[in-house]
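# Reading the structure
Here is how the chains run, residue by residue.
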Amino acid sequence: MNTALQGWGLWIALAGATLGTYFCRAIGVLLAKKINQESEIFRWLAAVTYAMVAALVVRMVLMPIGLLATVPLWIRILICLLSLGVMVSKPAHRLVPALLTGTLLMLAYGVIR
Amino acid sequence: MSLADKPYIDPSEIALEGSGVQRFKDSSHAFWSGIRDAAGAPAMVLFAGMVGFGAMGKTNGMDVWFTSATSFLMFALPGQVVLLEMAITGSSVLAIALAVTLTSTRFITMTVTLFPQFHEKDRNHGLYASVHLLAMTAWAISMREFQTIEAKHRLSYFIGLGLLCWLISVPGTILGYYLAGMVPPAITLGLVFINPLFFLLTFTEVKVWINRIAIGLGFVLGPFFFILDRDTSLLTTGLVAGTAAYLFDRKVLRKKAGVIG
């Protein structure tokens, strides 16, 4: 493994990352002008986007890096399921209680381990 | 998530029909409502995510300027984490730029599904500036709320929502940077968990079956593609799972009366 980037190398990497991120946003604006919301391609793209976001979330839960990786997988999944249970127990306006459930359970695990 | 519910109904048409019941009286009202809507769970989630990222920068030996500049300039947490990870392990600048760009491809489809809902007069070059405010949080909320907002006020609402999220990301990062090592790990653990949990929970608000199937397949296929190749995994999962959901919807669901109305 190489040594960490330092000094200017780091800032050049940031410039590249910033341009790459903005590029994706700008391409979206360009394409958005030409897309009709009623079209088939729109339905397809919405499905692709939801799948991408789902993949990102499952990665954050199942394969996290850093501190969260020190929590056993089954505990992470259990807390997710309990929070989802709170969320769907009464569909309207349960987001904050469900979020608190999950966060406090994770905090509690951190305290007792 | 409005559009997802009725993707074949033009939201601007709904707004025209319902002009008798306006949600906002003018664009400044819409803008401040956007700010107000952001200032609850969304801002809390994003702030916690940025605090977690700031802590990560500190514990990996970056300086506070670099760590907070990534939040200001990129404003895309997964991309920021990839940048930090790769910079620490000494990847080349080109490899970093490519990997981050691949993680950010979700912005293309997010923009394409959200921005056509703005009013025609708002769909100009100014959107190239507004698009920087687009992140997963603002996207998820806008997709839900735009259904009940008139087309002409959507941009103001979106800017209010996105602006607050963007502006708090920098103080969040700085706070996390200086907090790291000061608070007990249990608290940090709770903070870093808010992000994935928030998005997981918002999925329960998706009502239309094509998108529900896409999410389910994304959950199943995501880890598989991640093991194959982590940098392209979001893109490949999105394309494969999204296309499968779309085809299933087109070939099976649409033929059953009542499922999609």
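Residues numbered from 1 in each chain as written. Chains lettered and ligands numbered in written order. Predicted model: local features only at pLDDT ≥ 70, side-chain atom pairs only at ≥ 80, totals over all residues. Heavy atoms only, no water.

### Examining the overall build of chain A
The secondary structure content of chain A amounts to four helices and zero strands. If you list the helices and strands of chain A from N to C, you get α-α-α-α. For a compact globule of 113 residues, the expected C-alpha radius of gyration is about 13 Å, and chain A comes in at 20 Å, more than 25% above that figure. The principal-axis extents of the C-alpha atoms in chain A amount to approximately 50 × 50 × 20 Å. Sorting the 113 residues of chain A into buried and exposed places 46% on the buried side. (Helix = DSSP H or I, 4+ residues; strand = E, 2+ residues; numbered from the N terminus. Rg over C-alpha atoms; globule rule 2.2 N^0.38 Å. Buried < 20%, exposed > 50% of the residue type's maximum accessible area, 1.4 Å probe, protein only.)

### Some thoughts on the packing of aromatic side chains
Under the criterion given, the structure shown has eleven aromatic pairs over all chains. Relative to Phe66 of chain B, the ring of Trp11 of chain A has its centre 5.4 Å away and its plane inclined at 90°; by these criteria the two rings are edge-to-face. Residue Trp11 of chain A is located in helix H1 (residues 7–32), and its partner Phe66 of chain B is located in helix H5 (residues 64–73); the two belong to separate chains. Looking at Trp11 of chain A, the relative accessible area reads 34%, which means it is partly exposed. Ring plane angle 55° and centroid distance 5.3 Å describe the contact between Tyr50 of chain A and Trp139 of chain B, whose orientation is recorded as tilted. Of this pair, Tyr50 of chain A sits in helix H2 (residues 40–62) while Trp139 of chain B is found in helix H10 (residues 136–145), placing the two residues in two different chains. Taking the relative accessible area as the measure of exposure, Tyr50 of chain A reaches 1% and is therefore buried. When its relative accessible area of 2% is taken as the criterion, Trp139 of chain B is described as buried. Joined through ring pairs, the aromatic side chains of Phe115, Phe118, Phe146 and Phe158 of chain B make up one cluster. The cationic tip of Arg25 of chain A hangs over the ring face of Phe107 of chain B; the distance from NZ or CZ to the ring centre is 4.1 Å. Lying across the ring of Trp209 of chain B, Arg212 of chain B places its NZ or CZ 4.9 Å from the centre. (Phe/Tyr/Trp six-rings, centres within 6.5 Å; stacked < 30°, edge-to-face > 60°. Lys NZ or Arg CZ within 6 Å of the ring centre and 35° of its normal.)

### Structural notes on the state of the cysteines
Scanning all chains against the criterion turns up zero disulfides over all chains. Lacking any disulfide linkage, Cys24 of chain A is separated from the closest cysteine sulfur, that of Cys165 of chain B, by 20 Å. Residue Cys24 of chain A is classed as buried on the basis of its relative accessible area, which comes to 2%. (Disulfide = S-S within 2.5 Å.)

### Description of the nonpolar core
Judged by nonpolar contacts, the single largest core of 100 residues is most densely connected at Leu99 of chain A together with Leu83, Phe115 and Trp139 of chain B. Tallying contributions element by element places H2 of chain A first for this core, with nine residues. For Leu99 of chain A, the contacting residues outside a window of four places in its chain are Ala41, Met44, Val45, Ile194, Leu197, Phe198 and Leu201 of chain B. (Core = buried A, V, L, I, M, F, W, Y, C linked by side-chain atoms within 4.5 Å. Contact = heavy atoms within 4.5 Å.)

### Quick look at the domain arrangement of chain B
Accessible area lost upon the coming together of the parts is a frequently used measure of interface size. All names here are of chain B. The domain boundaries assigned to chain B delineate domain 1 (23–206) and domain 2 (208–261). Computed over C-alpha atoms, the centres of domain 1 and domain 2 are 24 Å apart. Counting from both sides, the interface comprises eight residues of domain 1 and, opposite them, ten residues of domain 2. Summing both partners gives a buried area of about 800 Å² for domain 1 against domain 2, and 69% of it is carried by carbon and sulfur. Considering only the side of domain 1, the residues that lose the most area to domain 2 are Leu102, Phe203 and Val206, jointly responsible for 58% of the buried surface there. There are zero residue pairs in polar contact (both at pLDDT 80 or more) connecting domain 1 and domain 2. (Domains from an automatic or database assignment. Buried area = accessible area lost by both parts, 1.4 Å probe. Polar contact = N/O pair within 3.5 Å; in protein donor to acceptor, adjacent residues only side chain to side chain.)

### Concerning the side chain of Ser130 of chain B
Residues and elements named next belong to chain B. In this structure, Ser130 sits in helix H9 (residues 127–130). According to the relative accessible area criterion, Ser130 is buried, its value standing at 9%. If near-sequence neighbours (up to four positions away) are discounted, Ser130 is found in contact with Leu155, Phe158 and Ile159.

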